[in-house]
Amino acid sequence: METLLKIANIETLYYDRIYALHGLSLEVKAGEIFAVLGPNGAGKTTLLKTIAGLLKDQPKKGAIHFMGKRIHRLAPERVARLGIVYVPEDRGLFRELSVKENLDLGCWGRSDSGITDDVEFIYQLFPILKNRAYQQAETLSGGEQQMLAMARAMLRRPKLLMLDEPSLGLAPRVGREVYEALSKISQAGTTILLVEQNAKMALRIANFGYIMESGRIVLEGTAQELQENQDVQELYLGVGGDTVSPKGWRLYKKRRTW
Ligand SMILES: Nc1ncnc2c1ncn2[C@@H]1O[C@H](COP(=O)(O)OP(=O)(O)O)[C@@H](O)[C@H]1O
Ligand SMILES: [Mg+2]
């Protein structure tokens, strides 16, 4: 598959001196689901914000290309116009507007005839949004809010859909529903880049994964390779929970191979 997004050796700093991304490189290929996994503070959110152009004058070094076009240090609206749509961790909804109004805003600026099909697609994916059409977004459950954010993002017809911790704060069952929807979105042809602490959930649907720590990629592989990797198993897929356990973390610091 062709490379859609290519990130080469980027460095992103906060306040010009705190390194959040430290020479990070990765590639996203068209038509697949890519997951970036890592503990809290690894730089996952910073990575997505850097791609989306939300951090002014960042990345300081390195290059980001999307469909062969240079996008690093472009304004966020220009990045968005190229087809990169970002669902932030807080979901970025208009909390006081209704579900339908949020979706209408997702169609803003579009006049093509595909809107009807797209609206049909998202209601098929998330029938609950139809029932909730006139309810204020802030009154939805966490899972419903995540679904609304994903639905609104899909109305932008993304070439690359980026999501920040889509399962965070959701009950496991609801998290799985969100992930099933992502799988369907991928099957319908949208490329996905997501970041997650919940490696178990993400690797179930991802084709390829990157493990990120302290602003760097420390390991990469197909979802299957990562699931079979002993360090990944111990630290990220360990028994007793979906997230990194402090005990697992200490053990791993001692004997990790990367
Ligand atoms: N606005 C900010 N100002 C200064 N430092 C930040 C800011 N946002 C994040 N950081 C720092 O950058 C590092 C990476 O953070 P973040 O990208 O949020 O990681 P993750 O999403 O993996 O939890 C952390 O050390 C964090 O404290
Ligand atoms: Mg984050």
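A. Examining the domain arrangement of the protein more closely. When its domains are assigned, the protein resolves into domain 1 (1-83 + 159-171 + 187-227) and domain 2 (91-157). Just the C-alpha atoms count here: the centres of domain 1 and domain 2 sit 24 Å apart. Opposite the eight residues of domain 1 that make contact, domain 2 presents nine residues. Of the roughly 550 Å² buried where domain 1 meets domain 2, counting both sides, 69% is carbon and sulfur surface. Three residues stand out in domain 1 for area buried against domain 2, namely Leu-161, Pro-166 and Leu-170, and they jointly supply 52% of the buried area on that side. At the surface where domain 1 touches domain 2, the tally comes to zero salt bridges.

B. Structural view of the packing of aromatic side chains. Following the criterion strictly, the structure yields three aromatic pairs and no others. Their ring planes at 25° and their centres at 6.5 Å tell us that Phe-34 and Tyr-210 sit as a pair that is stacked. In this pair, Phe-34 sits in strand β3 (residues 33-37) while Tyr-210 sits in strand β9 (residues 208-213), placing the two residues 176 residues apart along the sequence. Overall, the relative accessible area of 3% leaves Phe-34 in the buried class. Its relative accessible area of 4% is what places Tyr-210 among the buried residues. A network of ring pairs unites the aromatic residues Phe-34, Phe-208 and Tyr-210 as a single cluster.

C. Broad picture of a positive patch on the surface. Where like charges cluster on the molecular surface, the positive patch consists of Lys-69, Arg-70, Arg-73, Arg-78 and Arg-81. Position of Lys-69 among the secondary structure elements: in strand β5 (residues 69-70).

D. Inspection of the site of ligand 1 at higher detail. Neighbouring ligand 1 are the residues Tyr-14, Tyr-15, Ala-20, Pro-39, Asn-40, Gly-41, Ala-42, Gly-43, Lys-44, Thr-45 and Thr-46. Separating an oxygen atom of ligand 1 from a side-chain N or O atom of Asn-40 is a distance of 3.1 Å. Backbone polar atom of Gly-41 to an oxygen atom of ligand 1: 2.7 Å apart, as the coordinates give it. Out of a free accessible area of 560 Å², ligand 1 has 62% covered by protein chains. At three residues, the largest contribution of residues to the shell around ligand 1 is made by helix α1 (residues 44-52). For the shell around ligand 1, the per-class residue count stands at five nonpolar, five polar and one charged.

E. Region of the structure containing helix α4 (residues 115-125). Along α4, the residues classified as buried are Asp-118, Ile-122, Tyr-123 and Leu-125. Down the axis, α4 shows its buried residues gathered within 160° of arc, on one side only. Of the exposed residues in α4, those oriented more than 90 degrees away from the buried face are Thr-116, Asp-117 and Gln-124.

F. Summary view of the pairing of strand β6 (residues 84-87). The alternating pattern of β6 places Ile-84 and Tyr-86 and Val-85 and Val-87 on opposite faces, both of which are buried. Across four bridges, β6 lies against strand β7 (residues 160-164) in parallel orientation. Bridged to Tyr-86 within β7 is Met-162.

What counts, and at which threshold
- Residues numbered from 1 in each chain as written.
- Chains lettered and ligands numbered in written order.
- Predicted model: local features only at pLDDT ≥ 70, side-chain atom pairs only at ≥ 80, totals over all residues.
- Heavy atoms only, no water.
- Domains from an automatic or database assignment.
- Contact = heavy atoms within 4.5 Å.
- Buried area = accessible area lost by both parts, 1.4 Å probe.
- Salt bridge = Lys/Arg side-chain N within 4 Å of Asp/Glu carboxyl O.
- Phe/Tyr/Trp six-rings, centres within 6.5 Å; stacked < 30°, edge-to-face > 60°.
- Helix = DSSP H or I, 4+ residues; strand = E, 2+ residues; numbered from the N terminus.
- Buried < 20%, exposed > 50% of the residue type's maximum accessible area, 1.4 Å probe, protein only.
- Patch = residues over 30% accessible without salt bridge, like charges linked within 9 Å, V, L, I, M, F, W, Y side chains within 5 Å.
- Areas by Shrake-Rupley, 256 points an atom, 1.4 Å probe, with all protein chains shown as cover.
- Lys, Arg positive; Asp, Glu negative; His and termini not counted.
- Charge placed at Lys NZ, Arg CZ, Asp CG, Glu CD.
- Near = heavy atom within 4 Å.
- Polar contact = N/O pair within 3.5 Å; in protein donor to acceptor, adjacent residues only side chain to side chain.
- Nonpolar A, V, L, I, M, F, W, Y, C, P; charged D, E, K, R; others polar.
- Arc of directions from axis to C-beta.
- Pairing = 2+ DSSP bridges.

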